[in-house]
Amino acid sequence: MMFRNFVLSRNLKQTQYIFNNFRPNPRLNFSEHFIFLSGVKNVRTYCCGENGDGSNIWTEDIDYLDESGKFLYRGKGIRSVEPGIDDHVMVGGLKRPFLNASAVAKIVEIVKRWRWGPDMETQLDKLQFVPNTVHITQALKVVGDGDASLTLFRWAKRQPWYTPSDECYATLFDTLNASRDFDGIQAMFDELILNSEKTGVSSKFSSYNKVIQYLAKAEKLEVSFCCYKKIQESNCEIDTQTYNCLITLFLNKGLPYKAFEIYESMEVAGCSLDGSTYELMIPSLAKSGRLDAASKLFQEMKSKGLRPGYAIFAALVDSMGKAGRLDTSMKVYMEMQGFGLRPSATMFVSLIDSFVKAGKLETALKLWDEMKKAGFRPNYGLYTMIVESHAKSGKLEIAMSVFSDMEKAGFLPTPSTYSCLLEMHAATGQVDFAMKLYNSMTNAGLRPGLSTYTSLLTLLAKKKLVDMAAKVLLEMKAMGYSVDVSASDVLMVYIKDASVDLALRWLRFMGSSGIRTNNFIVRQLFESCMKSGLYESAKPLLETYVSSAAKVDLILYTSILAHLVRCQEEDNEKHLMLILSATRQKAHTFMCGLFTGPEQRKQPVLSFVREFFQGIDYEMEEGAAKYFVNVLLNYLVLMGQINRARCVWKVAYENKLFPKAIVFDQHIAWSLDVRNLSVGAALIAVVHTLHRFRKRMLYYGVVPRRIKLVTGPTLKIVIAQMLSSVESPFEVSKVVLRAPGDSVLEWFKKPIVQQFLLNEIPSRADILMHKLNTLFPSSAPELRSLSPPKALISGRAV
C-alpha cells in the first residue's frame with residue numbers, strides 16, 4: 001500500500017521508469033541510493049508531499065520491490081521539493097544539497113531529449129533546483145550540438161539568475177565552431193558587442209578573440225576583419241594569438257600590406273610578439289622588400305632569446321641576395337649555420353643565383369662546392385646558370401668543366417647553354433671548340449638558334465674558312481631558317497676585311513645555292529672591286545645592281561669618274577668607260593654631250609651645262625653636286641678642256657653651290673676661297689675669278705686695297721706655281737696668297753696676263769700633275785659612296 005502511494009506521485013511515468021531501471025545495493029542506505037540515482041537520471045518528483053518546508057515527513061517505511069514483486073529494500077520516503085525554488089532535496093528527514101554534477105546532468109538530459117523549442121524551455125522551467133551560469137556553462141560543454149546549445153543559452157539569458165560569463169561565451173563559440181556554424185558565431189558576437197556597449201561588463205571578456213581566431217582560420221576574411229574592427233572600437237583587449245591568426249589570413253590571401261597594417265596595429269596596442277608572430281612577419285616583410293623592417297624584427301627576436309626558425313633564415317637569405325645585399329645575405333647564412341640549421345638545396349640555389357647575377361662568380365663557385373659537399377645534387381637550372389654565367393664572363397675553362405660535369409650528371413644542355421658556349425668561343429676566335437660544340441649540339445638533336453648560327457658563320461668568315469662556312473650555311477637552310485641575311489652578313493665580313501676575292505667567291509656560292517643578297521651589299525662589293533682595281537669583276541656587279549631596279553645615284557657615278565681621273569693604264573680606262581656607260585646615270589649622258597661638238601649638242605656648251613644643273617634637286621643632292629663638280633673639273637683640266645671647265649665652274653657658282661667662295665668687300669678687300677675644292681676646280685676657280693676681278697678693276701675703275709686667295713696648305717703650292725709662271729704679285733703666306741690692289745691692277749694690264757686669263761692655263765706637267773694622286777681629296781676611291789666627304793657636303797667657303 002505504501003509503495004502504491006509512492007507510485008501515484010505527480011510524475012508517475014517517470015518514477016516508474018527510474019525504479020524499473022534501479023538496482024539498489026544492499027550495502028548502501030537509501031540516501032546513498034538517491035545520490036547514485038540522481039547522478040544517473042534526475043527525478044522531478046519523488047513523492048506526493050505537498051509542502052516544501054520539510055513538515056510532511058513520512059514516518060512509515062516504504063518497501064521497494066522489483067518488477068516481479070520481489071522485495072528489494074525498505075526505508076524512509078523522500079518528501080518533494082518546490083521546482084525552481086529549493087536548492088536541496090529531502091532524504092528522509094535530512095536536507096541534502098543538489099549537487100552540481102546532478103544539476104548539469106539533469107540539464108543535459110533535458111536538452112538532449114527535447115533538442116530545442118518551447119518544449120525544451122518548458123522542461124527547463126520545471127527544474128527542481130535553481131540553476132546558475134556555471135551549470136549552463138558545464139552543460140554547454142557536454143551538449144555539443146550547436147542549435148541545442150544556442151537554445152539553452154538564450155533560455156538562460158532570460159532567467160533572473162543569469163550573469164554574463166566569459167567562459168560561457170567561449171564554450172558556446174567553441175561549440176558553434178565545431179559545428180561550422182559561422183553565421184551563429186557572428187550573431188552571438190554581435191550580441192556580445194551590443195551587451196558590452198550597454199553594460200560594459202563583457203568588454204573585458206577574452207572570448208572575443210576566439211571569434212576572430214575561428215573566423216580567420218575558416219578564411220572568412222571580410223567577416224573576421226569586420227569583427228576585429230568592432231573589437232578595436234569597443235576598446236577590448238586583443239591577444240597575440242588573434243593578431244597572428246589575422247596576419248596569417250591576410251598573408252594566405254595574398255594581401256601582405258594588409259597583414260603589415262595588422263602588425264602595426266599590434267605594435268600600437270603594445271601587444272607583445274611571440275615566436276609565431278616573428279615567424280610570420282619576418283619572412284613576409286623580407287619577401288615584400290621591406291628588408292630593414294625584417295632585419296629589425298630579426299634582431300629583436302634574437303634579443304628576446306627566441307630561436308629563429310629555418311623559414312626566417314631562408315627568407316632573409318633569399319630576399320637580401322635578390323636585393324643585392326650580398327654581404328648581409330652571406331652573414332645571415334653563416335649565422336644560420338651557427339644555430340645548427342642546415343642549408344637546403346633551395347637556399348644554395350638562391351645564394352648562387354644572387355652572386356652569379358652580381359658577377360661575383362668566385363663566391364658562387366665556393367657555394368657550388370659547399371652545396372655538393374652537403375650532399376645536394378645540383379639541378380638542371382643551376383648547372384645551366386653556372387655554365388652560362390662563366391661563359392659570358394669569358395671564363396671558358398671553368399664553363400667547359402662544369403658543362404662536362406653537367407653532361408656526366410645526365411642532364412641534356414639546352415640550346416641556350418650550347419649557344420652561349422658556342423658564341424663565346426666564337427667571339428674569342430676558337431674555331432675548333434666552336435665547331436665541336438656545334439656538332440655536339442646537332443648530334444643531340446637540338447636546333448641551334450639564329451644567333452648561334454650568326455656567331456659561328458661570322459667566326460668562320462673572319463677565319464676565311466669559306467668552305468666550312470658554306471657547309472654550315474646549307475645546314476642552317478636545311479633547318480628551316482631563312483639564310484639570305486646570314487649569307488649577306490658573311491659577305492659583308494669579307495668586304496670589310498678587304499678580302500675581295502673571297503667575297504666574290506662567296507657571292508658565286510650564294511648564286512649557285514639560290515641565296516639572294518641586297519643591293520646595298522652588291523654596291524659595297526662593287527666599290528671594293530673598284531678600289532682593288534678589279535674592274536672586270538666590278539662591271540657585272542654594277543649590271544646586277546642596275547638590273548634589280550636600283551638607281552645609280554650621282555655620288556656613285558662620281559666615284560667611278562674619280563677612278564677614271566686617276567687611271568693611268570689604257571686598258572683600265574676602257575673598262576672604266578664601260579662601267580660608266582653601265583650606270584645609266586643622266587650625268588653620263590651629260591658627260592658624253594659635253595665632249596661632243598656643238599652640231600651634235602645643238603646648243604652652246606654654257607647652255608648645255610646650265611640645262612643639266614637645272615635638273616638637279618639641290619635640296620636633296622647639294623653635296624652630291626659639289627662632289628660631281630670637283631671631280632668633273634679635275635677630269636676636264638687633265639683632258640685640256642679648259643673652256644668647258646670654266647663653263648662648269650661658272651654654272652656651279654651661279655647655282656650657289658659655292659656661294660661664299662667669292663667675296664667683294666667694297667673697296668677694302670676681294671677674296672677667293674678654294675680650300676674645299678679639288679685641284680682642277682681650284683685652278684679653274686682662280687683663273688675665272690681673277691678674270692672677273694680684272695674686268696671690275698679695268699672697266700669699272702674699282703680697285704680694292706688688297707686681294708686674297710685663300711688656298712689652305714694643300715693647294716697653296718699648285719696655285720702659287722701656276723701664278724708665278726706669269727710673274728704675279730701675290731705673296732705666299734701660310735694658307736693665303738695676298739697682294740695689294742694697286743699691284744694687281746698693274747699686273748692685270750700686262751698682255752701676257754690678259755692672254756693667260758682669257759685663253760687657257762699653262763699645261764706644264766709640274767703644275768697640273770703636282771702630287772695628283774694626293775691632291776684630289778674629292779675623288780679618292782676609298783670614300784664611301786653613300787657617305788661623301790664632309791667637306792664636299794658642306795663645302796661652303798668661310
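The structure displayed is predicted, hence computed values, not measured ones.

Rules used throughout
- Residues numbered from 1 in each chain as written.
- Predicted model: local features only at pLDDT ≥ 70, side-chain atom pairs only at ≥ 80, totals over all residues.
- Heavy atoms only, no water.
- Patch = residues over 30% accessible without salt bridge, like charges linked within 9 Å, V, L, I, M, F, W, Y side chains within 5 Å.
- Areas by Shrake-Rupley, 256 points an atom, 1.4 Å probe, with all protein chains shown as cover.
- Salt bridge = Lys/Arg side-chain N within 4 Å of Asp/Glu carboxyl O.
- Lys, Arg positive; Asp, Glu negative; His and termini not counted.
- Charge placed at Lys NZ, Arg CZ, Asp CG, Glu CD.
- Helix = DSSP H or I, 4+ residues; strand = E, 2+ residues; numbered from the N terminus.
- Buried < 20%, exposed > 50% of the residue type's maximum accessible area, 1.4 Å probe, protein only.
- UniProt positions renumbered as here; feature names shortened; annotations may be inferred.
- Axes fitted to C-alpha atoms, helices over the stretch in contact; angles between N-to-C directions.
- Parallel < 35°, antiparallel > 145°, perpendicular 65-115°, else oblique.
- Left-handed = near helix turned anticlockwise from the far one by under 90°.
- Contact = heavy atoms within 4.5 Å.
- Phe/Tyr/Trp six-rings, centres within 6.5 Å; stacked < 30°, edge-to-face > 60°.
- Arc of directions from axis to C-beta.
- Pairing = 2+ DSSP bridges.

Caption draft 1: Representation of a negative patch on the surface within the structure. Where like charges cluster on the molecular surface, the negative patch consists of Glu-569, Glu-570, Asp-571 and Glu-573. You can see Asp-571 is positioned in helix 31 (residues 570-582). Looking at Asp-571, the relative accessible area reads 53%, which means it is exposed.

Caption draft 2: Molecular detail of the UniProt feature "repeat: PPR" (unreviewed entry) in the chain. The feature "repeat: PPR" (unreviewed entry), as given by UniProt, occupies residues 239-273, 274-308, 309-343, 344-378, 379-413, 414-448 and 449-483 in the numbering adopted here. For the annotated span residues 309-343, helix accounts for 74% and strand for 0% of the residues, and the straight-line distance between the end C-alpha atoms is 12 Å. Measuring from the first to the last C-alpha atom of residues 344-378 gives 12 Å, for a span that is 74% helix and 0% strand.

Caption draft 3: Looking closely at the packing of helix 32 (residues 586-594) against helix 35 (residues 618-638). As a packed pair, helix 32 and helix 35 sit with axes 13 Å apart at the nearest point and diverge in direction by 30°. On the basis of their axis angle, the class for helix 32 and helix 35 is roughly parallel. Crossing hand, helix 32 versus helix 35: right-handed. On helix 35, the residues touching Ala-587, Phe-590, Met-591 and Leu-594 of helix 32 are Phe-628, Leu-632, Tyr-635 and Leu-636.

Caption draft 4: Here's a closer look at the packing of aromatic side chains. For the structure on display, the rule yields 22 aromatic pairs. Ring centres of Phe-595 and Tyr-635 lie 5.8 Å apart, and the angle between their planes is 65°; on these two criteria the pair is classed as edge-to-face. You can see Phe-595 sitting in the loop between helix 32 and helix 33 (598-601) and its partner Tyr-635 sitting in helix 35, a full 40 residues away along the chain. Tyr-635 sits in the buried class, given a relative accessible area of 13%. The structure contains a cluster of three or more aromatic residues connected by ring pairs, namely Phe-590, Phe-608, Phe-612, Phe-613 and Phe-628.

Caption draft 5: Helix 34 (residues 605-614), seen in detail. Listed in full, the buried residues belonging to helix 34 are Val-605, Phe-608, Val-609, Phe-612 and Phe-613. End-on view of helix 34: buried residues confined to an arc of 130°, all on one side of the axis. On its buried side, helix 34 packs onto helix 32, helix 33, helix 35 and helix 36 (642-654).

Caption draft 6: Focus on the sheet that holds strand 8 (residues 731-732). In spatial order, the strands read 5-6-7-9-8; together these 5 strands make up an open sheet with mixed pairing. Each edge of the sheet is formed by a strand with only one pairing partner; in this case those strands are strand 5 (662-665) and strand 8. One ladder, built from 5 bridges, connects strand 7 (residues 706-710) with strand 9 (residues 736-740); its direction is antiparallel. Paired with Lys-708 across the two strands is Arg-738, which belongs to strand 9. Helix 38 (residues 712-724) rests against strand 7, strand 8 and strand 9 of the sheet, and its axis sits at about 45° to strand 9. Seen against the sheet, helix 39 (residues 741-748) touches strand 7 and strand 9 and runs at an angle of roughly 85° to strand 9.

Caption draft 7: Quick look at the side chain of Ser-499. Looking at the element boundaries, Ser-499 is found in the loop between helix 26 (484-496) and helix 27 (500-512). What makes Ser-499 buried here is its relative accessible area of 10%. Not counting chain neighbours up to four residues away, the residues in contact with Ser-499 comprise Lys-464 and Tyr-494.

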